[in-house]
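This is what each chain is made of:
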Amino acid sequence: MSRSWLKRPADPEDASLPADADAAPSGPGHTTGPGGAAASPEAPAPSPGDALQDGEDDEDGPAPLGPAANLVVAIVVVALGGAGMAGSWSLGLGGLAEPSAGTWPFLISAAVSCLGVVLGATARSTRDTEVFSSSVWKVLAGIATMVLFVSLVGVIGFEIPSAVLAFVWLRFLGGESWRLSAVTSVAVVAAFYVVFVGLLAVPIPHLF
């Protein structure tokens, strides 16, 4: 009787071995694709620190000013405050019970000078300042119009200089519409006149 049709049973240990020598290696970082083909190793996931570092490198923020530039800015602020104090002194200071035309401008100018001193004291440690750009011209324009306003208040009163100052700041520095700038500037001056001249009787130079 022929026994050629009989086959040797498969060994369980042989079944766990790869079918050929090119079988995919096993272990961490290796996966097996369809049909037993070896897939490429998985790249490690980026850590949160790496992602934060990449985000900081991609940001193109303006470079901060140095200590010397910070000190120059502080000196300019102190000088502006001193000029305001001198102009307010010429208008008369009066007292707390009876304030004069220069009382409040003097106090505000003194506060500005104190802030300039603080800026100068922290010039070396300050890191949140930015280099000058095209927007600095708006700041200079605002300072120039404020100096012109102070020089005209004692001569022609506060009504016209205040209205012109508010209009220039709203329209040309703030980019508001012509109508909004005109209406707001007139309304602000009218409210200021009613409160400080009509109700409080503060001796501010005025035309009406």
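Residues numbered from 1 in each chain as written. Predicted model: local features only at pLDDT ≥ 70, side-chain atom pairs only at ≥ 80, totals over all residues. Heavy atoms only, no water.

With an unreviewed UniProt entry as reference, the chain is termed Tripartite tricarboxylate transporter TctB family protein, source organism Actinorugispora endophytica.

Let's talk about the UniProt feature "transmembrane region" (unreviewed entry) in the chain
With numbering matched to this structure, UniProt assigns "transmembrane region" (unreviewed entry) to residues 71–91, 103–123, 135–158 and 178–202. Across residues 71–91, the secondary structure splits into 100% helix and 0% strand, with the terminal C-alpha atoms separated by 31 Å. A distance of 28 Å separates the end C-alpha atoms of residues 135–158, which is 88% helix and 0% strand. (UniProt positions renumbered as here; feature names shortened; annotations may be inferred. Helix = DSSP H or I, 4+ residues; strand = E, 2+ residues; numbered from the N terminus.)

Looking at the side chain of Ser109
Along the chain, Ser109 falls in helix H4 (residues 103–121). Here the side chain of Ser109 touches Pro105 through a polar contact of 2.8 Å, landing on its backbone oxygen. When near neighbours in sequence (up to four residues on either side) are disregarded, Ser109 contacts Gly81, Gly84, Met85 and Ser88. (Polar contact = N/O pair within 3.5 Å; in protein donor to acceptor, adjacent residues only side chain to side chain. Contact = heavy atoms within 4.5 Å.)

Quick look at a nonpolar patch on the surface
A contiguous nonpolar patch, built from Val72, Val76, Leu80, Trp137, Val139, Leu140, Ile143 and Val147 and spanning about 730 Å² of accessible area, is present on the exposed surface. Broken down by secondary-structure element, the contributors of at least two residues to the nonpolar patch are helix H3 (67–91) and helix H5 (136–156). Top element by residues in the nonpolar patch is H5. It accounts for five residues. Within the secondary structure, Leu80 sits in helix H3. (Patch = residues over 30% accessible without salt bridge, like charges linked within 9 Å, V, L, I, M, F, W, Y side chains within 5 Å. Areas by Shrake-Rupley, 256 points an atom, 1.4 Å probe, with all protein chains shown as cover. Salt bridge = Lys/Arg side-chain N within 4 Å of Asp/Glu carboxyl O.)

Some words on helix H6 (residues 159–173)
Between its first and last C-alpha atoms H6 spans 20 Å; for 15 residues at 1.5 Å apiece the expected length is 21 Å, and the two agree. All buried positions along H6 are accounted for by Glu159, Pro161, Ser162, Ala163, Leu165, Ala166 and Phe167. Of the surrounding elements, those touching the buried residues of H6 are H5 and helix H7 (178–199). (Expected span 1.5 Å × (residues − 1). Buried < 20%, exposed > 50% of the residue type's maximum accessible area, 1.4 Å probe, protein only.)

Re the packing of aromatic side chains
Throughout the structure, instances matching the rule amount to seven aromatic pairs. Relative to Trp178, the ring of Phe167 lies with its centre 5.8 Å away and its plane at 45°, an arrangement referred to as tilted. Taken together, the positions of Phe167 in helix H6 and Trp178 in helix H7 put the pair eleven residues apart, joining distant regions of the chain. An aromatic cluster is present here, built from Phe158, Phe192, Tyr193 and Phe196 joined pairwise through their rings. (Phe/Tyr/Trp six-rings, centres within 6.5 Å; stacked < 30°, edge-to-face > 60°.)

Looking at the packing of H5 against H6
Viewed as axis vectors pointing N to C, H5 and H6 meet at an angle of 170°, and their least axial separation amounts to 8 Å. Judged on the interaxial angle alone, H6 and H5 are roughly antiparallel. Of H6, the residues touching H5 (which contributes Lys138, Ala141, Gly142, Thr145, Met146, Phe149, Leu152, Val153 and Ile156) are Glu159, Pro161, Ser162, Leu165, Val168, Trp169 and Leu173. (Axes fitted to C-alpha atoms, helices over the stretch in contact; angles between N-to-C directions. Parallel < 35°, antiparallel > 145°, perpendicular 65-115°, else oblique.)

A few points about the nonpolar core
Core analysis: the biggest nonpolar cluster contains nine residues, these being Phe149, Val153, Phe158, Ala163, Leu165, Val189, Val197, Val202 and Ile204. Contributing elements (two or more residues each) for this core: H5, H6 and H7. If sequence neighbours within four positions are ignored, Val153 has contacts with Phe158, Pro161 and Pro205. (Core = buried A, V, L, I, M, F, W, Y, C linked by side-chain atoms within 4.5 Å.)

Notes on the packing of H6 against H7
Axis separation between H6 and H7 bottoms out at 8 Å; the angle between their running directions is 145°. Remark: the crossing between H6 and H7 carries right-handed chirality. Residues Glu159, Ser162, Ala163, Ala166, Phe167, Leu170, Arg171 and Phe172 of H6 form the contact with H7, whose participating residues are Trp178, Ser181, Ala182, Thr184, Ser185, Val189 and Tyr193. The class makeup of the residues in the contact of H6 with H7 is nine nonpolar, four polar and two charged. (Left-handed = near helix turned anticlockwise from the far one by under 90°. Nonpolar A, V, L, I, M, F, W, Y, C, P; charged D, E, K, R; others polar.)

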